[in-house]
There are 4 protein chains.
Amino acid sequence: MSTLNLETTARIVAAGREAATGIGVAMSIAIVDPAGNLVEFQRMDGAWLGSVDIAQRKARTSALFPMPSSVLGEMSQPGGPIYGIETSNGGLVSFGGGFPLAAADGTVIGAVGVSGGLVEQDVAVAEAVVKAV
Amino acid sequence: MSTLNLETTARIVAAGREAATGIGVAMSIAIVDPAGNLVEFQRMDGAWLGSVDIAQRKARTSALFPMPSSVLGEMSQPGGPIYGIETSNGGLVSFGGGFPLAAADGTVIGAVGVSGGLVEQDVAVAEAVVKAV
Amino acid sequence: MSTLNLETTARIVAAGREAATGIGVAMSIAIVDPAGNLVEFQRMDGAWLGSVDIAQRKARTSALFPMPSSVLGEMSQPGGPIYGIETSNGGLVSFGGGFPLAAADGTVIGAVGVSGGLVEQDVAVAEAVVKAV
Amino acid sequence: MSTLNLETTARIVAAGREAATGIGVAMSIAIVDPAGNLVEFQRMDGAWLGSVDIAQRKARTSALFPMPSSVLGEMSQPGGPIYGIETSNGGLVSFGGGFPLAAADGTVIGAVGVSGGLVEQDVAVAEAVVKAV
């Protein structure tokens with residue numbers, strides 16, 4: 001699957017919802033294109049309101065810098081090489097839950113951002129989305 | 001249907017997509033809760049990038065002021081009683097394509113915003129979403 | 001020329017500068033990709049500082065809505081169908097001087113925005129850029 | 001060379017691009033005047049989209065506070081004298097890659113910001129720009 005269209009996003013977001021339901025946490029799930037623009041967004045019933053913004057920012061972060069958002073976060077800690085990068089690009093989120101989405105040939109076709117639970121829960125749900133591409 | 005949950009939004013957004021496909025225009029469709037926070041968003045393949053933001057603002061406008069966005073727009077013209085209101089609330093959009101969503105008993109359960117075509121096309125697609133609630 | 005790379009942008013911005021010099025006005029010239037992200041920007045010596053932002057917004061406007069920015073502006077006047085659209089998408093500019101850039105096969109490969117003179121001067125310089133693609 | 005005009009910026013940005021090509025990383029390079037306003041910007045083909053904003057912020061940071069952006073960053077760490085300064089001035093970037101540009105007589109004539117690689121790569125490319133003035 002090399003194109004990020006609504007058919008793809010419906011399928012991969014459903015995989016994320018299923019993973020979220022499996023761990024009993026309501027999540028916000030955002031899918032963006034390679035330029036960071038929103039393609040699909042779903043907020044599960046009961047998800048924290050604050051997750052709406054964070055899910056989108058995680059996805060945008062992993063589109064603008066095609067790497068897991070947590071990798072950026074490892075380097076943006078106090079004393080780290082890119083400390084403070086979060087204030088750029090309109091506000092990045094650099095903890096776990098954002099991942100690039102790649103086609104079978106490795107081409108980046110977008111990114112996913114998940115928010116709503118503990119960071120490891122967000123990461124688990126985002127990974128379910130990544131695997132479903 | 002008195003609750004705006006993901007099951008509802010999937011159904012009503014699908015109705016919007018079908019209406020958009022029927023008139024041959026790719027649309028961005030946003031559903032927000034009564035406080036204007038995003039619940040579901042879909043950008044159809046090929047929709048103008050500028051529609052991503054406008055669809056969400058129309059929905060938010062019709063949530064914060066529970067009326068069709070175009071009704072606000074009639075009053076916000078030069079010389080009108082709320083001239084310039086678009087700069088408030090982080091940026092409203094006051095032309096057609098935003099509508100409150102009401103349950104059978106009239107309770108407002110959210111709002112929809114549609115963008116991607118001519119205003120009358122946006123309105124037609126948004127009305128299809130409203131009817132599908 | 002179907003790709004908007006730095007080689008292309010150097011050439012087409014030079015064409016714009018030449019046109020600006022020809023009419024004796026210092027201009028800011030911005031080139032963005034189809035998603036509205038900056039690729040190249042040049043401010044000619046002596047150009048008004050206010051032109052730096054406007055050139056970029058015109059280019060972004062014509063990327064997000066692939067049409068001349070002035071066409072948007074005709075529809076966004078008081079009483080027009082999209083009155084107030086300028087507050088969306090982080091701030092659009094809807095008077096003349098923004099144009100999509102198309103490859104020979106018609107594909108949109110980006111957009112140009114020019115600011116620094118009278119609007120008709122901005123348009124003339126932007127058109128020189130468009131023709132140089 | 002005591003004036004930062006487009007002739008100068010073309011030359012020094014070319015020196016930066018050459019350095020970037022030499023290390024095999026696509027960079028965004030921004031040149032601003034002493035007030036932090038953009039004079040020239042180039043995004044090399046394939047540079048991360050997130051570098052567009054960061055290159056400009058680094059340059060602006062080194063114009064508003066005429067010192068290497070990394071010097072600001074040393075003082076803005078937790079416990080440091082200007083902790084949190086990044087949120088001021090519309091958003092500064094305080095890691096390496098921004099430098100003031102000085103004429104032969106030491107007068108500050110602007111600043112450069114580079115982004116796209118590891119911080120040490122950004123710094124190396126920015127230094128190539130500084131030397132080319």
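Residues numbered from 1 in each chain as written. Chains lettered and ligands numbered in written order. Predicted model: local features only at pLDDT ≥ 70, side-chain atom pairs only at ≥ 80, totals over all residues. Heavy atoms only, no water.

Naming follows an unreviewed UniProt entry, where chain A appears as Heme-binding protein of Catenulispora acidiphila.

**Notes on helix α4 (residues 119–132) of chain B**
Helical geometry: 3.6 residues make up each α-helical turn, so side chains three or four residues apart lie on a common side. Residue and element names in this part refer to chain B. Compared with an ideal rise of 1.5 Å per residue, which puts 14 residues at 20 Å, α4 spans 20 Å between its outermost C-alpha atoms and is within 8% of the ideal. Among the residues of α4, those classed as buried are Val119, Asp122, Val123, Val125, Ala126, Ala128, Val129 and Ala132. Buried positions along α4 lie against α1 (6–23), β1 (28–32), α2 (50–64), β3 (98–102) and β4 (108–115). (Helix = DSSP H or I, 4+ residues; strand = E, 2+ residues; numbered from the N terminus. Expected span 1.5 Å × (residues − 1). Buried < 20%, exposed > 50% of the residue type's maximum accessible area, 1.4 Å probe, protein only. Contact = heavy atoms within 4.5 Å.)

**Points about the interface of chain B and chain A**
Put simply, an interface is often sized by how much accessible area is lost when its parts join up. With 16 residues of chain B at the interface, the matching set in chain A holds 16 residues. The contact between chain B and chain A buries some 1,300 Å² in all, and 51% of this surface belongs to carbon and sulfur atoms. Per-residue buried area on chain B facing chain A is highest for Leu6, Leu38 and Arg43 of chain B; these three make up 39% of the total on that side. At the surface where chain B touches chain A, the tally comes to two salt bridges. With its nearest N and O atoms 2.8 Å apart, the salt bridge here joins Asp33 of chain A to Arg43 of chain B. Along the contact surface separating chain B from chain A lie eleven residue pairs in polar contact (both at pLDDT 80 or more). Those elements that place two or more of their residues in the side of chain B that touches chain A are α1, β2 (38–43) and α2 of chain B. (Buried area = accessible area lost by both parts, 1.4 Å probe. Salt bridge = Lys/Arg side-chain N within 4 Å of Asp/Glu carboxyl O. Polar contact = N/O pair within 3.5 Å; in protein donor to acceptor, adjacent residues only side chain to side chain.)

**Looking at the relation of the copies chain C and chain B**
Placing chain C over chain B gives an RMSD of 0.1 Å and needs a rotation angle of 94°, together with 0.2 Å of translation along the axis. With respect to symmetry, the two chain copies, as superposed, fit the operation of a four-fold axis. Closest to the rotation axis within chain C is the C-alpha of Pro78 of chain C, separated from it by 4.3 Å. Little of the interface of chain C is mirrored in chain B, where only 20% of its interface residues are also at the interface. (Least-squares fit on C-alpha atoms with pLDDT ≥ 70 in both.)

**Observations concerning the environment of Ile29 of chain B**
All names here are of chain B. Structurally, the position occupied by Ile29 is in strand β1. Using a relative accessible area of 0% as the deciding quantity, one classes Ile29 as buried. On a C-alpha basis, the gap between Ile29 and Ala14 in space is 9.7 Å, while along the polypeptide they are 15 residues apart. Among all residues touching Ile29, those that are not within four sequence positions of it are Val13, Gly16, Arg17, Glu40, Phe41, Gln42, Ala55, Val112, Gly113, Val114, Val125 and Val129.

**Notes on the nonpolar core**
Core analysis: the biggest nonpolar cluster contains 116 residues, and Val112 of chain A, Val112 of chain B, Val112 of chain C together with Val112 of chain D have the highest contact counts within it. Those residues in contact with Val112 of chain A, other than ones at most four positions away along the chain, are Ile29, Ala30, Ile31, Lys58, Ala59, Gly97, Gly98, Phe99, Leu101, Ala126, Val129 and Val130 of chain A. (Core = buried A, V, L, I, M, F, W, Y, C linked by side-chain atoms within 4.5 Å.)

**Examining the relation of the copies chain B and chain A**
Superposing chain B onto chain A requires a rotation of 179° together with a translation of 0.1 Å along the rotation axis, leaving an RMSD of 0.1 Å. Taken together, the rotation and translation describe the operation of a two-fold axis. For chain B, the residue whose C-alpha comes nearest the rotation axis is Phe41 of chain B, separated from it by 2.4 Å.

**Quick notes on the interface of chain C and chain B**
Tallying the contact residues gives 15 residues for chain C and 18 residues for chain B. Carbon and sulfur atoms make up 68% of the surface buried where chain C meets chain B, a total of about 1,300 Å² over both sides. Along the contact surface separating chain C from chain B lie zero salt bridges. In this structure, the connection of chain C to chain B is made through five residue pairs in polar contact (both at pLDDT 80 or more).

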